[in-house]
Amino acid sequence: MEPKPGRFVWWDDRVALARKYGMKIVANLQIARATDIPEWARVPKDSPDAIGNKAVSFPRAAWERFVETAVAHYRDDIQDWLIVDEPYSSFTPEQYVALLKATYAAAKRGNLACRVIAHGGYRDAWLPAVEKAGGVPHFDGISDYARVPAHGEMLRDFARQHGKFLINVEYGPHASMYRTIEAPDNPRDRRTPDYYLRNTEGVVQSAVRAMSWSGSQGFSRYDARFPGGDFTKLDRHKCLFEYDGALKPAGVAYALMAQILDGLQGVQELKLRPEL
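All values derive from a computational prediction rather than experimental measurement.

How each quantity is defined
Residues numbered from 1 in each chain as written. Predicted model: local features only at pLDDT ≥ 70, side-chain atom pairs only at ≥ 80, totals over all residues. Heavy atoms only, no water. Salt bridge = Lys/Arg side-chain N within 4 Å of Asp/Glu carboxyl O. Helix = DSSP H or I, 4+ residues; strand = E, 2+ residues; numbered from the N terminus. Buried < 20%, exposed > 50% of the residue type's maximum accessible area, 1.4 Å probe, protein only. Contact = heavy atoms within 4.5 Å. Expected span 1.5 Å × (residues − 1).

Chemist: Quick one: what's the story with the pattern of salt bridges, residue by residue and with numbers?
Modeler: Tallied over the entire structure, the rule returns 10 salt bridges. Between Glu64 and Arg60 there is a salt bridge, with its nearest N and O atoms 2.9 Å apart. On the criterion of helical spacing, the pair formed by Glu64 and Arg60 is a turn pair, its members being four residues apart in helix H2 (residues 60-73). Of the charged contacts, one joins Glu68 and Arg109 as a salt bridge, the two residues approaching to 3.2 Å between their closest N and O atoms. Of this pair, Glu68 sits in helix H2 while Arg109 is found in helix H3 (residues 93-110), placing the two residues 41 residues apart along the sequence. Given the relative accessible area of 29%, Glu68 is considered partly exposed.

Chemist: Kindly report on the environment of Tyr96, identifying the contributing residues and their values.
Modeler: Looking at the element boundaries, Tyr96 is found in helix H3. The buried category is assigned to Tyr96, whose relative accessible area is 0%. Each C-alpha atom of the pair Tyr96 and Ile83 lies 9.0 Å from the other, and the pair is 13 residues apart in sequence. Residues in contact with Tyr96, not counting those within four places in the same chain, are Ile83, Val84, Pro87, Phe91, Ile117, Ala118, His119, Trp126 and Val130.

Chemist: I'd like a description of helix H7 (residues 249-260), backed by residues and values.
Modeler: A rise of 1.5 Å per residue sets the reference length of H7, with its 12 residues, at 16 Å; its end C-alpha atoms lie 17 Å apart and thus fit the reference within 8%. Buried residues of H7: Pro249, Ala250, Gly251, Ala253, Tyr254 and Met257, and no others.

The following block contains the structure:
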């Protein structure tokens, strides 16, 4: 987004497309590899005021300017900013907290109403380590998976203890109804209705269960990639869209679920008969 100092590349057309269809964006500021930071901003780890992860370091002041500018630019359309997906893969807890501290203050300068979101990490020890390193005051909410009840309950208790909101997130393979656009190395047979109906049930169940286990305020998909580019790779990238731009069956189910469950706050999983 900032290939040269102070020169930004904006994606206003994509943001406008989401707004047109009533879709809410959770923007992810992602740093995992060294190449996620432009070459001009990479500095040695021992540079004054450097922050970063295990792979790359960059000036805190440059990062803060970037965050403030980006958040301010999208202030009318994007309120939620996730600070690194799965940070435990590339950050120590201390490195992540240093990034959160720099990000939180800069983001609030860009838009006081924005929400800074930390990733829970899907590891029970991650959030307590972030708390120990002093990170709790520097994010508003938590984004995490809650794939199993115990982890969901841990997230629920942590969020309530610290007054944070919680949203569940996840990828999920979305079966296509077409037989001609699959990537050549994809071995799955997507030609039968049975497969994509079972797929639809599975990905919707995962969202409802996660919300119930963790008491979250909603579920966001990681994969709302709008149609465009190389369509043979849509399934590899777990996209919700078909070749012609229509929603895949799971996408249709999510659209319905978003209407039916609008405003749902998860409480707990009810012990009902399995088919219910």
